[in-house]
Amino acid sequence: MKLDRLPTWAKKHVVHVVVEAPRDSRLKLKYDPELGAITWGHPLPIGFAYPFDWGFVPSTLAPDGDPLDALVLSELPSYPGVVVPCRPFGVMLLEEFGAKRRERNDRLVVVPGDGRWTNELEDPDDLPRSTRQEIEHFFLSSVFFTRKDARCLGWKGPKAAIRLIESAAAKAGKRRNKAA
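Basis of the calculations
- Residues numbered from 1 in each chain as written.
- Predicted model: local features only at pLDDT ≥ 70, side-chain atom pairs only at ≥ 80, totals over all residues.
- Heavy atoms only, no water.
- 1 Å grid on protein atoms, 1.4 Å probe; cavity = no way out; pocket = protein on both sides within 12 Å on 5 of 7 lines; lining within 4 Å.
- Points joined across faces, edges and corners; volume = space filled by probe spheres on them.
- Helix = DSSP H or I, 4+ residues; strand = E, 2+ residues; numbered from the N terminus.
- Nonpolar A, V, L, I, M, F, W, Y, C, P; charged D, E, K, R; others polar.
- Salt bridge = Lys/Arg side-chain N within 4 Å of Asp/Glu carboxyl O.
- Buried < 20%, exposed > 50% of the residue type's maximum accessible area, 1.4 Å probe, protein only.

As for the layout of surface pockets
Phase 1: Approximately 790 Å³ is the volume attributed to the largest pocket.
Phase 2: Surrounding the largest pocket, 35 residues form its lining, Asp-64, Asp-69, Glu-96, Asn-105 and Arg-107 being those nearest its centre.
Phase 3: In terms of residue count, helix H2 (residues 158-179) provides more of the lining of the largest pocket than any other element does, 4 residues in total.
Phase 4: Class assignment for the residues of the lining of the largest pocket results in 17 nonpolar, 6 polar and 12 charged.
Phase 5: Counted as a void, the second largest pocket has a volume near 490 Å³.
Phase 6: Along its surface, the second largest pocket is lined by 20 residues, and Asp-4, Pro-33, Thr-60, Pro-67 and Arg-175 are the ones closest to its centre.
Phase 7: For the lining of the second largest pocket, the secondary-structure elements that each account for two or more residues are strand E3 (27-32) and H2.
Phase 8: Here the lining of the second largest pocket is composed, by residue class, of 7 nonpolar, 3 polar and 10 charged.

Written out as structure tokens, the structure reads:
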């Protein structure tokens, strides 16, 4: 089965997320659609590990040409290749230096449909400010040694997350239609 071709939505406002790098992984893992497998990406900088599961939303296309990335706020790590049904929770607005200019590379943040403490979360404002800052710090610091010069521009809530997913799914649909 091609994990990148699974349906985007499990049901209304519940999105599929395919885990690439689980929480606490010090290695960036990446799904390779040609192989149909999770492959070695690169080590994170010394001392860094993913604070939560990291993966992608299948059947979507983000501005960088890959499926839409997603951070899964969960109490526990899962495993590479696991598909997690999630509620769109928020978007961390991120800007970084791309090929020739500054570009947006927003981070979708989701919560498992069946969690524990995450069941209470509706909006990024429900997280302690320190937790939001730690997530921001992870994303900014993990690219510190690259030329991306990333900056966090703030957070948006679930409606922005749903719009981001819908837009990325529509772009993927257009690409499939052109290829057909």
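Section: the pattern of salt bridges
Phase 1: A full pass over the atoms with the stated rule returns 7 salt bridges.
Phase 2: Here Arg-102 ties to Glu-95 by a salt bridge, and the two come within 2.9 Å at their closest N and O atoms.
Phase 3: Note that Asp-149 is salt-bridged to Arg-151, the shortest N-O span being 3.2 Å.
Phase 4: Since its relative accessible area comes to 42%, Asp-149 is described here as partly exposed.
Phase 5: What makes Arg-151 partly exposed here is its relative accessible area of 40%.
Phase 6: Within the structure, one salt-bridge network assembled from shared partners comprises Glu-95, Arg-102, Asp-149 and Arg-151.

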